[in-house]
Amino acid sequence: MQNTSSSATGSSTRATADASTLNSGGGSAENVSRDTTGGGGGGDDNPAPADEHPSGSSTRNGHDAKQNGFAVNNNGSCIVDGENNRDNNTSYRAVQLDKSNQEIIRLIGQYLHDVGLDKSVKTLMVESGCYLEHPSATKFREHVLMGDWVKADLDLKDLEPLIDNGKLSTITEMKFILLEQKYLEHLDDANPLDALHVLRSELTPLQHNISRVHQLSSYMMCSTNQDLYQRAKWEGKGILSRALVMERLQTFMPPSVMMSPRRLRTLLQQAIELQSQHCPCHDMAWETNLQTVSLLTDHCCTTDGFPMQTIQILTDHCDEVWFCKFSPDGLKLATGSKDSTVIIWDVDPYKLTLKHRRVLDGQAQLSVSFVSWSPDSKLILVGGTEDSHELYIWNVEDGKLFVKFSQSLEDSLACGAFSRDGTRFVCGGQKGQLYLCDLNGTIVDSWEGVRVNSIAFRADNKTILAADNHYRIRGYNFDSPRSDFDILREPHPIMTFSINSADRLALLNVSNQGLHLWDIEDKCLVRRFQGIRQSNFAIHSCFGGINESFVASGSEDKVVYIWHIKREEPLAKLAGHTKTVNCVSWNPVYPSLLASASDDATVRIWGPKPNGSNATTESDDCSSSSSSSSWNMT
């Protein structure tokens, strides 16, 4: 095998020099390129052996009570052992440090070492009387990073009583990790005989992880060092691979002996994640970490831009408004009413206002119960109640009727939806029809005996989801071979449902139960949202907000409810309607806009509160918490 180093001796000398950069303070593979000057906080200044206990000092789990520079008093707190921590010409007064303060100092010391402030580490450790880690662990780290495997093995024997109470399987696993690195380094140095000796005389007798031993033996056949690195997925001999080995070994040691790498950073990241979980309006797609948030304040997303108050009331309908839906491009809103009209509204995303564009009223005597937009926002599918046998497709741009669909006077066509690619639509109702049609209104396929009240296309453009009168949502695939299958089942009737844009979650309005969130891939109930009143009327809910981190629904108590998708309790209750709220729609492009349709014959547009405004509005009785991070409106 080709040797990539000038000599084995040179490689060992270089590794010894590099090891000094990681020989103390919980150093890790991230810091292998940094020079260090001690940082162990006195951890290697003539430490007493781990198995020696001075007269009069107590022991616990193999630790000397004075081993880390502390003497335990009767209260369980620690007093700095001045004799153990005195430095040449400096005198120290006794300082009481309880367990929490000791651990905080160790965390700070490790972090300071990681960022290169080793003189500060030494000062902190000397003044506090703490060690970052057990002295035997410090020696162990140093010898591992130097590649002195004989001494590292002796250090491990000293540490045995402190590791999992000397459990044989744990110690064997740690020895295996050391010998694995030793074996690979011999191969890297082109010393196959030494590597074979380690394999036969040291690794194999452990009788541990036999499959890995066989895998290691196959590396003897590597023709080049690069081949070895690739097959073993190994960094090669040196400080980097040894630091990674040390990190693996650290996982077996109790924190009283040696802290895990980057422990303070881990704790801070966990704190940020917990604050994000408690943030009422958190944007789930915003990656919160130490680089993106401030540690000086608690994380809380701003409410700027969140739709919390009525900013416009649309009163052009003359009867109950049963449906509203923003177009996929966010620039139009369609509203459907019992008055047999559909009104198209233009959205001004800068002024956050809507303007009447046109009325689509060709569906005579058809009380409009649903509308569905095509993906390109140019066509709209319009349908009525259970006694309707017709559907209409309108061209929104010119207001002309595009297709009128009717198969039989006996049909019930009370729900429908476009496919995700916009080339087909599906429709059905309570009388047992399920039609798959092209945009010309030609029936491509049908499924008989399927009584449905809500329907949607999945992202694959093949699977159709339908809620039936058996309290189920089932999947139907018209492709050959045809198939149908259960997705989920509720104990009560499913009135309506919607699917999020990621095609993973379903939001169900369930009779006498309220709003339920389902994972349709894992087929499990995720959450029951609290608050709304829902009986046997069709109420349409929606996903929305930034990255669809929120859900909203109407209610029979005249209120619009908003929840964060991860919380059951409402984030906001928007009051203003005077009768049942039948439908809500969140603008998919401009998340500061939310629309709601009601039996009071109005459509309300909800938007953000003006900055700095304390004026009373008709929706000020809503209850709310903080909102999301970046409610961009343009």
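Residues numbered from 1 in each chain as written. Predicted model: local features only at pLDDT ≥ 70, side-chain atom pairs only at ≥ 80, totals over all residues. Heavy atoms only, no water.

An unreviewed UniProt entry lists the chain under the name WD repeat-containing protein 26 homolog, with Drosophila pseudoobscura pseudoobscura given as the organism. Checking UniProt for the chain, the heading Subcellular location (unreviewed entry) contains the comment "Cytoplasm". (UniProt positions renumbered as here; feature names shortened; annotations may be inferred.)

## Some thoughts on the pattern of salt bridges
In this structure the tally under the stated criterion is 24 salt bridges. As a salt-bridge pair, Lys-182 and Glu-202 come within 3.2 Å of each other at their nearest N and O atoms. Here Lys-182, found in helix H7 (residues 168–188), pairs with Glu-202, found in helix H8 (residues 192–203); they are 20 residues apart in sequence, far enough to count as distant. A relative accessible area of 24% places Glu-202 in the partly exposed class. (Salt bridge = Lys/Arg side-chain N within 4 Å of Asp/Glu carboxyl O. Helix = DSSP H or I, 4+ residues; strand = E, 2+ residues; numbered from the N terminus. Buried < 20%, exposed > 50% of the residue type's maximum accessible area, 1.4 Å probe, protein only.)

## A short note on the nonpolar core
The tendency in soluble globular proteins is for nonpolar side chains to be buried side by side. Core analysis: the biggest nonpolar cluster contains 43 residues, and Leu-333, Val-342, Ile-380 and Phe-425 have the highest contact counts within it. It is strand E9 (residues 342–348) that contributes the most residues to this core, five residues altogether. Not counting the four nearest positions on each side in its chain, Ile-380 is found in contact with Ala-334, Val-342, Ile-344, Leu-360, Val-371, Ser-372, Trp-373, Tyr-392, Ile-393, Trp-394, Val-396 and Phe-418. Counting residues in each nonpolar core, the second largest holds 22 residues, with Val-144, Leu-145, Ile-163 and Met-246 among its members. (Core = buried A, V, L, I, M, F, W, Y, C linked by side-chain atoms within 4.5 Å. Contact = heavy atoms within 4.5 Å.)

## Some details on the UniProt feature "repeat: WD" (unreviewed entry) in the chain
UniProt records the feature "repeat: WD" (unreviewed entry) for residues 314–355, 547–573 and 574–606 in the present numbering. As annotated, residues 574–606 has a helix share of 0% and a strand share of 48%, and its two end C-alpha atoms lie 9 Å apart.

## Description of unusual backbone geometry
Between Ser-480 and Pro-481 the backbone carries a cis peptide bond, its omega angle lying at -5°. By the element assignment, Pro-481 lies in the loop between strand E21 (472–477) and strand E22 (483–489). With a phi angle near 65°, Tyr-471 is a residue other than glycine that sits in the positive phi range. Counting through the fold element by element, Tyr-471 comes out in the loop between strand E20 (463–468) and E21. The phi torsion at Lys-558 lies on the positive side, around 75°, for a residue other than glycine. With respect to the helices, strands and loops of the structure, Lys-558 is situated in the loop between strand E28 (550–553) and strand E29 (560–564). Given the relative accessible area of 40%, Lys-558 is considered partly exposed.

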